[in-house]
Each structure stands twice: as C-alpha cells, then as structure tokens.
Amino acid sequence: MLIEIVADFVCPWCYIGKRRLERALAQRPTQQPEVRWLPFQLDPDTPPSGVDRTIDQLAKFGSVERIRQVNALLEQTAAAEGLTLNLDRIRRTPNTLDAHRLLRHADGQGGAHTQELAAALQAAFFRDGRDIGDRAVLAAIAGEAGLDADAAAAFLHSDADRDALRQSLATVRQLGIQAVPCFIFNRLYSLSGAQEPGAFLPLLDLAGAEGVVASAAG
C-alpha cells in the first residue's frame, strides 16, 4: 500500500494528523505501507528569510488574545496525541521551500532516513522553535536524522532539485488539494484534515488490497 502525505512543515495540523495516522496504522499491524511525502506550501510568498511570527499571526488571527486561544487549542490537542508544541518558542515563520528540498534530498540518498527527517523537521519547528528556513539549521537537522550534514548543506546551497520541487508543488495544486494535511491512499482514496484515527481505518482497509502505485507527484 502507498500512502502519500501532502503536508507543510509549518502546519500544526499536519503534525497532529501524521500522529493520528500512525495511531490508525498501529490498529492494522499487518499492513506495512510505503509512506511518501508530497510538498505543499501554506504561504509560498513568504520571503526566503521568513517573517516575524507575531506579525504573521496577527495578520491571520487579528488579535493577541485570539492567537493565545488558537495556540492553546493546538497545544492541548497535540498533547492528547503525545506531541509537544511549544508555539511560544517560534520567533519566525519560515519559507519552507528548502525544507521540502531537503526531504527530496533524503529520498535521493535512498530514502532510508526520509521518515526520520520529516519527523525531525516538524519537531524542530513545533517543539524546539528552530528556524527551518535557515539552511544551516536544516543541515544540522539532517545530520541529527542520520544524513550527512555537510552533503546536505552543499545540496541546500545549490540549485539542485529546485525546479523539480516547484513542479511537484504545482502538480499537487493541480490535483485540487488546497489545504493540508491530505492523505492519499494508492491514488484512489483520500482523507483531508487531521482526522481521528478511526477515520483512517476504512481507507486503510480499502487500500490494503491494492498494489503499490506510482507517486502522485514524483
């Protein structure tokens, strides 16, 4: 079975949704799906240096009080899933283009560390408040996830995979996906949003009898 996760690394519901998928898969222990990540940018117009987190949040939610309410809900929801969100540690909202490029780099190295890197990127941002738009930070995270940090740094400072990534981003949009997370099962069934684990089970059962198919956005 192929499961494709359409997500952005600065989307808290993507972080929560992935954990809920993991909980659903734990209820189907005989299934060993191939998991791939498809890139999505919540705000592709974010400058390469990122933006001040408070300014960004105020533009989205309108007031400091509303930001506190939203963040409290997110932190409580994540905690119920065993995840730690320390949203007050985040100082900048990054552009995630290089983070998505880095994940493609991991795939290009054989994919052995792709899942570890995806998890590390999410934890680095939401738990530790690290700037995952900064190439030095990204290279360090790559090293922590088992990749060669120096090779990752060289990759990030090149133009490698930049055009291919932009094509993947465009392909995902062309599929009609406008919000994340979105989980695609064998390119036949999809589930949008950070649904409870029970919502995944019927799709896991349907897709379980299917063969692995080609990725939606190579």
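Criteria and cut-off values
- Residues numbered from 1 in each chain as written.
- Predicted model: local features only at pLDDT ≥ 70, side-chain atom pairs only at ≥ 80, totals over all residues.
- Heavy atoms only, no water.
- Buried < 20%, exposed > 50% of the residue type's maximum accessible area, 1.4 Å probe, protein only.
- Helix = DSSP H or I, 4+ residues; strand = E, 2+ residues; numbered from the N terminus.
- Arc of directions from axis to C-beta.
- Contact = heavy atoms within 4.5 Å.
- Polar contact = N/O pair within 3.5 Å; in protein donor to acceptor, adjacent residues only side chain to side chain.
- Salt bridge = Lys/Arg side-chain N within 4 Å of Asp/Glu carboxyl O.

### Remarks on helix α6 (residues 135-144)
For step 1, the next point in the chain: Those residues of α6 not exposed but buried are Leu138, Ala139, Ile141 and Ala142. Angular distribution of buried residues about the axis of α6 spans 160 degrees; they occupy a single face of the element. Facing away from the buried side of α6 by over 90 degrees, the exposed positions are Ala136 and Glu144.
For step 2, the next point in the chain: Residues of α6 that are buried in the fold lie against α4 (97-108), α5 (114-126) and α7 (149-156).
For step 3, the next point in the chain: A distance of 2.8 Å separates the backbone nitrogen of Ala136 from a side-chain oxygen at the start of α6, and that oxygen is part of Asp134.
For step 4, the next point in the chain: Just downstream of α6, Gly146 is the residue with a positive phi angle, here 105 degrees.

### Notes on the pattern of salt bridges
For step 1, the next point in the chain: As enumerated under the stated definition, the model contains 14 salt bridges in all.
For step 2, the next point in the chain: Where Arg23 meets Glu81, a salt bridge forms, and the shortest distance between an N and an O atom there is 2.7 Å. Linking Arg23 in helix α1 (residues 12-26) with Glu81 in the loop between α3 (64-80) and β4 (92-93), this pair joins segments that are 58 residues apart in sequence.
For step 3, the next point in the chain: Overall, the relative accessible area of 38% leaves Arg23 in the partly exposed class.
For step 4, the next point in the chain: Residue Asp159 is joined to Arg162 by a salt bridge in which the shortest nitrogen-to-oxygen separation is 3.4 Å.
For step 5, the next point in the chain: A relative accessible area of 62% means that Asp159 is categorised as exposed.

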